[in-house]
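Reading the structure
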Amino acid sequence: MSKSNIPSARSMKVYLSNNGHTQIELDHLSNSELFELYKKESLESIYLFQSDLDKKICIATAEGLKHYEIEDKLKTKIKKIGRDISKVYDMIDEYIDEYTYDQFLEIFRSYLSVPAPKIEKILKVKYRQLQEVWLEKLKIRFASLPDEERIQLMHYYEKNRDNIKKLKQIYHFSEDEYYVGDIQRISESKLSIIKNFMPELMEENYKAYYDETPEKINLIQEVLKLTHSYPRSYLKRLSISKLLFLKNEIIEQDKRDIINKKLFNKHIKALEEAMNSPNDNDFSKAALNVITELDGDNLHRVVNYLTNKNKTFLNKFNASIKTYQNILKNKFI
């Protein structure tokens, strides 16, 4: 973090005094304490501002959704449609601000002489079309925001894509240059504070942005190539650092598995050859080698494998290792 990124003590005091802190209180703080308080207050201010924006949008949207009754005029228009499907699209355009998707579905099912599956298909197509139109408008409207903030914001709108009225309301808010200016200022301030002073929180605050980075996409692909143990949806929820850790763990485990397999085959071969040797010392040496080189789990696998294969193996093995109990005290057979 470069010093040029840190606000001056004077500017921090001005900001904090404007947010309810007394000059006497601020004068008693060291520069580091002043800076920590500035970070805390500025971030809280940012989140409060964003929360207020959401509330305004929700209130405005709710006010526009008060009237849900089917008007006589609308009923008459629907009844006149008959089986002329093309007019349904126009009807949706005309009343999109008055009714939700589910309300449209209920109304059309009740008053249209059209099969229900066809009505659902019409609504889905039209709503999908309108969603894309308004999402694209919002994307253009907020194109000047920092990438991290813009992608995170668009991710939020994508999650609310079924609420077309809300998307339209947000867009109408964004026609106010002061509204957009506030979002721009707040977004840049929030990004600057987190990036410069709390970089470890970047991915937590901008998950939607990091989900689209080549680094994360490539990491997910690499993990999926290494193992089929994790679904893509689970991997996408992990942070980049956790994905990297998981990838390295899988690679290391693969290396251990290869080494263990080689050791397993090596000792199986040596013990089987020693079992057939007329010289008992050969088996004792092979037994000593296996309990010396292998950990408890791998030793257990070797012994189990040969015991299942040869009924006399276990007794001979136990007899051979009696004098090596000190080696076996932390291993399991």
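Note that this is a predicted model, so its numbers are computed, not measured.

**Overview of the pattern of salt bridges**
- For the structure shown, the criterion picks out 13 salt bridges.
- E120 is the partner of R109 in a salt bridge, and the nearest nitrogen-oxygen pair spans 2.4 Å. With a gap of 11 residues between them, R109 in helix α6 (residues 101-111) and E120 in helix α7 (residues 116-141) connect regions that are remote in the sequence.
- Where K216 meets D211, a salt bridge forms, and the shortest distance between an N and an O atom there is 2.6 Å.

**Things to note about the confidence of the model for the protein**
- This prediction gives the protein a mean pLDDT of 81; 85% of its residues lie at or above 70.
- Here helix α19 (residues 325-328) stands out as the least confident element of the protein, with mean pLDDT 61; helix α13 (residues 214-226) is the most confident, with 95.
- Between residues 63-68, whose pLDDT stays under 50, and residues either more than four places distant or in other chains, the model counts seven contacts.

**A closer look at the packing of helix α4 (residues 72-81) against helix α5 (residues 86-95)**
- Taken N-terminus to C-terminus, the directions of α4 and α5 make an angle of 165°; their axes are 10 Å apart at the nearest point. The orientation of α4 relative to α5 falls into the category roughly antiparallel. Once α4 is placed against α5, the crossing between them reads as left-handed. Residues K73, L74, K77, I78 and I81 of α4 touch α5, and the partners they reach there are K87, V88, M91, E94 and Y95.
- In the contact of α4 with α5, the residues fall into six nonpolar, no polar and four charged.

**Some details on the packing of aromatic side chains**
- Across all of its chains, the model carries 10 aromatic pairs by this definition.
- Three or more aromatic residues joined by ring pairs make a cluster, and in this case those are F142, Y156 and Y157.
- Note that K137 overlies the ring of W134, its terminal NZ or CZ placed 5.4 Å from the centroid.

**Thoughts on the nonpolar core**
- Grouped together as the largest cluster of nonpolar side chains are 34 residues, with contacts concentrated most on I92, F104 and F108.
- Every element with two or more residues in this core is listed here: α4, α5, α6, α7, α8 (147-159), α9 (164-173) and α10 (177-197).
- Here this core takes eight residues from α7, the largest share from any one element.
- Apart from the residues within four sequence positions on either side, I92 is in contact with F104, F108, I122, L123, K126 and Y127.
- I268, A274, M275 and F317 belong to the second largest nonpolar core, which has 17 residues in total.

**Section: the environment of Q152**
- You can see Q152 is positioned in helix α8.
- Since its relative accessible area comes to 23%, Q152 is described here as partly exposed.
- Non-local contacts of Q152, meaning those with residues more than four positions away in its chain, are made with N205, Y206, K207, A208 and Y209.

**Regarding the packing of α13 against helix α15 (residues 240-275)**
- Contact pair α13 / α15: the axes reach a minimum separation of 10 Å and the direction vectors enclose 25°. It follows from the interaxial angle that α13 and α15 lie roughly parallel. In this structure, α13 crosses over α15, and the sense of that crossing is left-handed. Across the interface between the two elements, E215, K216, L219, I220, E222, V223 and L226 of α13 pack against I240, L243, L244, L246, K247, I250, I251 and D254 of α15.
- In the contact of α13 with α15, the residues fall into 10 nonpolar, no polar and five charged.

What counts, and at which threshold
- Residues numbered from 1 in each chain as written.
- Predicted model: local features only at pLDDT ≥ 70, side-chain atom pairs only at ≥ 80, totals over all residues.
- Heavy atoms only, no water.
- Salt bridge = Lys/Arg side-chain N within 4 Å of Asp/Glu carboxyl O.
- Helix = DSSP H or I, 4+ residues; strand = E, 2+ residues; numbered from the N terminus.
- pLDDT = per-residue confidence, 0-100.
- Contact = heavy atoms within 4.5 Å.
- Axes fitted to C-alpha atoms, helices over the stretch in contact; angles between N-to-C directions.
- Parallel < 35°, antiparallel > 145°, perpendicular 65-115°, else oblique.
- Left-handed = near helix turned anticlockwise from the far one by under 90°.
- Nonpolar A, V, L, I, M, F, W, Y, C, P; charged D, E, K, R; others polar.
- Phe/Tyr/Trp six-rings, centres within 6.5 Å; stacked < 30°, edge-to-face > 60°.
- Lys NZ or Arg CZ within 6 Å of the ring centre and 35° of its normal.
- Core = buried A, V, L, I, M, F, W, Y, C linked by side-chain atoms within 4.5 Å.
- Buried < 20%, exposed > 50% of the residue type's maximum accessible area, 1.4 Å probe, protein only.

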